[in-house]
Amino acid sequence: MASVLVWSRSAASRLFSVAAVKRMAPRPLVFCGPSGAGKSTLLKKLMADHPDRFGFSVSHTTRSPRSGEVDGREYHFIDTDTFTRQLQAGAFLETAMYSGNHYGTSYRALLDVLESGQWCILDIDVQGVQQLKQSKLLTSQYVPVYVFIFPPSIEHLKERLTSRQTDSAEAIALRLAKAEAEMAYGHQPGNFDLVVVNDDLEAAYAKLNDFLSPLLAESGDS
Ligand SMILES: Nc1ncnc2c1ncn2[C@@H]1O[C@H](COP(=O)(O)OP(=O)(O)OP(=O)(O)O)[C@@H](O)[C@H]1O
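A short tour of the structure in this document, coming up. (Residues numbered from 1 in each chain as written. Predicted model: local features only at pLDDT ≥ 70, side-chain atom pairs only at ≥ 80, totals over all residues. Heavy atoms only, no water.)

## With respect to the sheet that holds strand β8 (residues 145-150)
So, step 1. With respect to topology, five strands assemble into an open sheet ordered β2-β7-β1-β8-β9, the strand pairing being parallel. Either end of the sheet is taken by a strand with one partner, and the two such strands are β2 (54-56) and β9 (194-197). Adjacent strand axes in the sheet meet at a mean angle of 25° when their direction is disregarded.
So, step 2. By the bridge criterion, four bridges tie strand β1 (residues 28-32) to strand β7 (residues 119-123) in an arrangement that is parallel. Within β7, the residue paired with Pro28 across the bridge is Cys120.
So, step 3. Sheet contacts for helix α8 (residues 169-187): β8 and β9; angle to β8, the most-contacted strand, approximately 130°.
So, step 4. Seen against the sheet, helix α9 (residues 201-218) touches β1, β2, β7, β8 and β9 and runs at an angle of roughly 155° to β9. (Pairing = 2+ DSSP bridges. Helix = DSSP H or I, 4+ residues; strand = E, 2+ residues; numbered from the N terminus. Axes fitted to C-alpha atoms, helices over the stretch in contact; angles between N-to-C directions. Contact = heavy atoms within 4.5 Å.)

Given below as structure tokens:
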């Protein structure tokens, strides 16, 4: 009887520690939405409210480094042949092409952040989200949280992109053209765990934070 009790205690503590390990696992946080919807603005607030809980993975790109950019810090800068080889070897979780250059998030880059104990923010477009949803590693081991940020309207989006003053008129037109299809994907039920309309910034942030805070608490102190 005593030995059964001893076994039960150790079994219970084993079970408890397995549950604790599961509970502790940080998660990939996927942020999607049209350019100018306010993803970076909301992420900045989230990171300020939960210091040290989030990290960004370092992507690979075939574009040339800009002045001040350091290989391995802003991006891993690689040539097209290397990108193609790594892509064929299955190194990337998601890839995209912008302005004639390849970009990709490698499994390794994501795992580096998660294994350091931080949630990993993935600010990616709809194609990236679709690729991520195919990933067996993510669905079985690391379950992402998918968030979509909507602007109040296309008119607001245009106004925000224009007043941000970071893009040419041509680039803004391209971003707006892409926005409609992206928002249609965001509207489809089941594609995202949370959708937020970023109209009033404080209200939008409160909705995001109310949703994420309990999830963060599950994987450590928030
Ligand atoms: N709720 C809001 N009301 C008004 N302006 C906002 C709001 N949220 C963000 N903005 C402004 O809109 C502009 C676009 O926001 P932001 O750069 O965060 O968008 P983004 O989705 O990260 O875009 P991108 O994908 O191009 O990086 C910024 O100038 C930002 O200050």
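## Some thoughts on the pattern of salt bridges
So, step 1. What the rule picks out here adds up to nine salt bridges.
So, step 2. For Arg63, the salt bridge is made with Glu69, and the minimal N-O distance between the two is 2.8 Å.
So, step 3. Bridged by salt links that share partners, the residues Arg108, Asp112 and Glu115 form one connected network. (Salt bridge = Lys/Arg side-chain N within 4 Å of Asp/Glu carboxyl O.)

## Side note on the side chain of Ser59
So, step 1. By the secondary structure assignment, Ser59 is in strand β3 (residues 59-61).
So, step 2. Note on Ser59: relative accessible area 18%, which makes it buried.
So, step 3. For Ser59, the contacting residues outside a window of four places in its chain are Tyr75, His76, Gly104 and Thr105. (Buried < 20%, exposed > 50% of the residue type's maximum accessible area, 1.4 Å probe, protein only.)

## Brief notes about the site of the ligand
So, step 1. Around the ligand lies a shell of 14 residues, among which Ser35, Lys39, Ser40, Thr41 and Asn198 are the nearest.
So, step 2. Within the side chain of Ser35, a nitrogen or oxygen atom sits 2.6 Å from an oxygen atom of the ligand.
So, step 3. Residue Gly38 places a main-chain N or O atom 3.0 Å away from an oxygen atom belonging to the ligand.
So, step 4. Contact with the protein chains covers 72% of the free accessible surface of the ligand, which is 640 Å².
So, step 5. Secondary structure elements with two or more residues in the shell around the ligand: α2 (39-49) and α7 (154-164).
So, step 6. The element contributing the most residues to the shell around the ligand is α2, with three residues. (Near = heavy atom within 4 Å. Polar contact = N/O pair within 3.5 Å; in protein donor to acceptor, adjacent residues only side chain to side chain. Areas by Shrake-Rupley, 256 points an atom, 1.4 Å probe, with all protein chains shown as cover.)

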